[in-house]
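Reading the structure
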Amino acid sequence: MLELDDRELFRERMFYGGRWHDGRRHLEVRNPADGRVLGRVPDADEAAVRAAVAAAAAAFPAWRDEGGPARGRLLQRWYELLEIHREDLARLITLEQGKPLAEARAEVDYAAGFLSWFAGEAPRAYGEVIPAARAGEHIVVLREPIGVTAAITPWNFPAAMLARKAAAALAAGCTMVARPASATPFTALALAELADRAGLPAGVFNVVTGAAERIARTLLAEEAVRKLSFTGSTAVGRELMALCAEGPKRIALELGGNAPFIVFADADLERAVAGALAAKFRNGGQTCVAANRFLVQKPVYEGFLERMAEAIGRLRVGPGWAPSVDIGPLIDQAAVDKVLDHIEDARAKGARCLVGGGLHDLGPPYVQPTLLAEVSPAMRLWNEETFGPVVGVAPFEDEAEAIALGNATPYGLAAYFYTRDLDRAWRVARALEAGMIGINEGLISNPAVPFGGVKASGMGREGAHQGLEAYLETKYLCFGGARPS
């Protein structure tokens, strides 16, 4: 079992108003690899959530007026502390989320990257001067922080998803109340500890833990909360959107996906297989941008399957802290049941299983990395996000069919395709209905790019300069009365 070098990073209380707070009720947090209790966190009641919002509201005026360069320096110090405590943060992620330690380290780097990126963006909330239509007028457009913001983050990337939201909001001059997933709260609380050490003023960054529905409803009932950023399922996103409409409050949604991974006959198959492994098996397939439907042109279909079978057969399964593990446990039994149901449904409807196909010898919550051929739109894994280590492959005839199949889903978060033809690359990229496209590339996320989807995969963008703009209001000033001398 992993131990932390700095035990102060393991916090079992909420953080708001610059102080640590307990609660009357508590939730147990378990290690998904073995079911052991890691610790307990407060199950926040309405009063605690309102107190966190009040702390964020009280801190907002001074933080807004601090100025972008000063905010950026504090974010940069927060980034430096993540770098210093990289190993402990990675251990926390592995313990509560389950992913292999190497992937957890990569997630800490990813999270730190957002803090560094937005530390640089903080001074760049540019306005503009517009030529006036009438003599004597002067028109100025300002970009000002929204105010108090709320974030609800998922369990699959407990450091990166919170850092992506918080870094942008704080850089823009907003304050934030965050609610991490109940399965993975300790990483968020460790980030709050490091934010405090970095010198962020009390109330600027706050973390409350507990039941999702109670916290969300309480946050969104508070007039001071001006925006919600949510990453999670499309079903929950719809409910939160309805609550925000009552305000109305601004909302950003990063929801489910059903990404196609298309391999054309002219593709470099070795590169396509490497990209498929990266796009599917990171975090055991438990990512919103994971490739979910693999479409391979008929001339290279069997060759792709052969190479994928060999590659998948080499993947090692085990607890995240074990050496050389590629695939860790799924987050809980419900996740295991869903993945196994998808495999069983596909096989019952004609899919051919080439690798895996069931529970690993380690038992739940470990599932064998699985390769299924001849999948079809009649199967659940084609229409639903599997969120597990299962590759389902179907053949296609031509480019038009690939595009039609790729777009035949309500979702549109990510899509991937492989080709050597530059003209095709442009055509297919323009035709696919997704917010992010990987062209001969299976890993497409980084802090400098706009992350987000279309259709039922959400609205708004995180990362890049668009991430800063998402937390800014536009204010137009018209100066009249000035006359030429």
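So, here is what we can say about the structure in this document. In this text, all values refer to a predicted model and were calculated from it rather than measured experimentally.

Scoring rules and cut-offs
- Residues numbered from 1 in each chain as written.
- Predicted model: local features only at pLDDT ≥ 70, side-chain atom pairs only at ≥ 80, totals over all residues.
- Heavy atoms only, no water.
- Core = buried A, V, L, I, M, F, W, Y, C linked by side-chain atoms within 4.5 Å.
- Buried < 20%, exposed > 50% of the residue type's maximum accessible area, 1.4 Å probe, protein only.
- Helix = DSSP H or I, 4+ residues; strand = E, 2+ residues; numbered from the N terminus.
- Contact = heavy atoms within 4.5 Å.
- Phe/Tyr/Trp six-rings, centres within 6.5 Å; stacked < 30°, edge-to-face > 60°.
- Pairing = 2+ DSSP bridges.
- Axes fitted to C-alpha atoms, helices over the stretch in contact; angles between N-to-C directions.
- Salt bridge = Lys/Arg side-chain N within 4 Å of Asp/Glu carboxyl O.
- Right-handed = clockwise from strand over helix to strand, strands pointing away.
- Expected span 1.5 Å × (residues − 1).
- 1 Å grid on protein atoms, 1.4 Å probe; cavity = no way out; pocket = protein on both sides within 12 Å on 5 of 7 lines; lining within 4 Å.
- Points joined across faces, edges and corners; volume = space filled by probe spheres on them.
- Nonpolar A, V, L, I, M, F, W, Y, C, P; charged D, E, K, R; others polar.

**With respect to the nonpolar core**
In terms of nonpolar packing, the biggest core is built from 66 residues, with Trp78, Leu82, Leu170, Met176, Leu200, Phe205 and Tyr471 touching the most fellow members. Of all the secondary structure elements, the ones that give two or more residues to this core are helix H1 (46-65), helix H2 (68-84), helix H3 (86-97), helix H4 (101-121), helix H5 (160-172), strand S8 (175-179), helix H6 (185-198) and strand S9 (205-207). Dropping the residues within four chain positions of it, Leu170 is found in contact with Trp63, Arg71, Leu75, Trp78, Met176, Leu200, Val204 and Phe205. Judged by nonpolar contacts, the second largest core, of 39 residues, contains Val289, Phe294, Leu371 and Ala373.

**Here we look at the packing of aromatic side chains**
Counted by the stated rule, this structure contains ten aromatic pairs. Seen from their ring centres, Phe10 and Phe186 are 4.4 Å apart, and the 35° between their planes marks the pair as tilted. Separated by 176 residues along the polypeptide, Phe10 in the segment before strand S1 (14-16) and Phe186 in helix H6 bring together distant segments of the chain. Taken individually, Phe10 and Phe186 each receive the classification buried, so the pair is uniform in this respect. Seen in terms of ring centroids, Phe261 and Phe294 are 5.2 Å apart; in terms of plane orientation they differ by 35°. Their pairing is tilted. Pair noted here: Phe261 is in strand S12 (residues 259-263) and Phe294 is in strand S13 (residues 291-297), with a separation of 33 residues, a long-range link. Judged by its relative accessible area of 0%, Phe261 is buried.

**Details of the sheet that holds strand S6 (residues 138-145)**
Pairing is antiparallel in the open sheet, where three strands are placed in the order S5-S6-S22. Strand pairing shows two members of the sheet lacking a second neighbour, strand S5 (128-130) and strand S22 (472-479), which therefore form its edges. Direction aside, neighbouring strands of the sheet carry axes that sit 25° apart on average. Here three bridges tie S5 to S6, and the two strands are oriented antiparallel to one another. Across the sheet, residue Val129 finds its bridge partner in S6, namely Val140.

**Concerning the pattern of salt bridges**
Two side chains of opposite charge can pair, provided their charged atoms sit close to one another. Inspection of the entire model under this criterion finds 36 salt bridges. When the shortest N-O distance is used, the salt bridge between Lys99 and Glu107 registers 2.7 Å. The exposure class of Glu107 is buried, given its relative accessible area of 3%. Here the salt bridges do not stand alone but share partners, grouping Asp5, Glu87, Asp88, Arg91 and Arg105 into one network.

**Side note on the pairing of strand S19 (residues 436-439)**
Because side chains alternate across S19, one face comprises the buried residues Met436 and Gly438, and the other comprises Ile437 and Ile439, none of which is buried. The pairing of strand S18 (residues 414-418) with S19 spans four bridges and is classified as parallel. Paired with Phe417 across the bridge in S19 is Ile439. Handedness of the crossover is the feature at issue here: the chain leaves S18, passes through helix H14 (residues 422-431), returns alongside S19, and the resulting connection is right-handed.

**With respect to the sheet that holds S19**
Pairing is mixed in the open sheet, where seven strands are placed in the order S14-S15-S16-S13-S12-S18-S19. Either end of the sheet is taken by a strand with one partner, and the two such strands are strand S14 (352-355) and S19. Between one strand and the next, the sheet's axes are offset by a mean angle of 20°, whatever the strand orientation. Where S13 and strand S16 (residues 390-396) come together, four bridges link them in parallel fashion.

**Examining H2**
Its 17 residues place the ends of H2 24 Å apart at the C-alpha level, agreeing with the 24 Å of an ideal helix rising 1.5 Å per residue. By the burial criterion, the buried members of H2 are Gly68, Ala70, Arg71, Gly72, Leu74, Leu75, Trp78, Leu81 and Leu82. Tucked inside the fold, the buried residues of H2 contact H1, H3, H4, H5, H6 and S9.

**Section: the layout of surface pockets**
Over the atoms a probe the size of a water molecule is rolled, and this reveals where empty space is left. Quantified by volume, the largest pocket comes out at close to 1,100 Å³. Lining the largest pocket we find 46 residues, and of these Pro154, Trp155, Gly232, Ser233 and Val236 sit closest to its centre. Here the element with the most residues in the lining of the largest pocket is helix H8 (residues 234-245); it accounts for six residues. Of the residues in the lining of the largest pocket, the class split is 22 nonpolar, twelve polar and twelve charged.

**Topic: the pairing of strand S11 (residues 250-254)**
Of all five residues in S11, four are buried; the element is thus mostly enclosed. For strand S10 (residues 225-231) and S11, the ladder comprises five bridges, and the chain directions are parallel. Its bridge partner being in S11, Phe230 is matched across the sheet by Leu253. Between the parallel pair S10 and S11, the chain is carried across by H8, and the sense of this crossover is right-handed. Alignment of S11 against strand S21 (residues 458-459), held across two bridges, turns out to be antiparallel. When the sheet's bridge partners are listed, Leu253 is paired in S21 with Met459.

These figures capture arrangement, not role.
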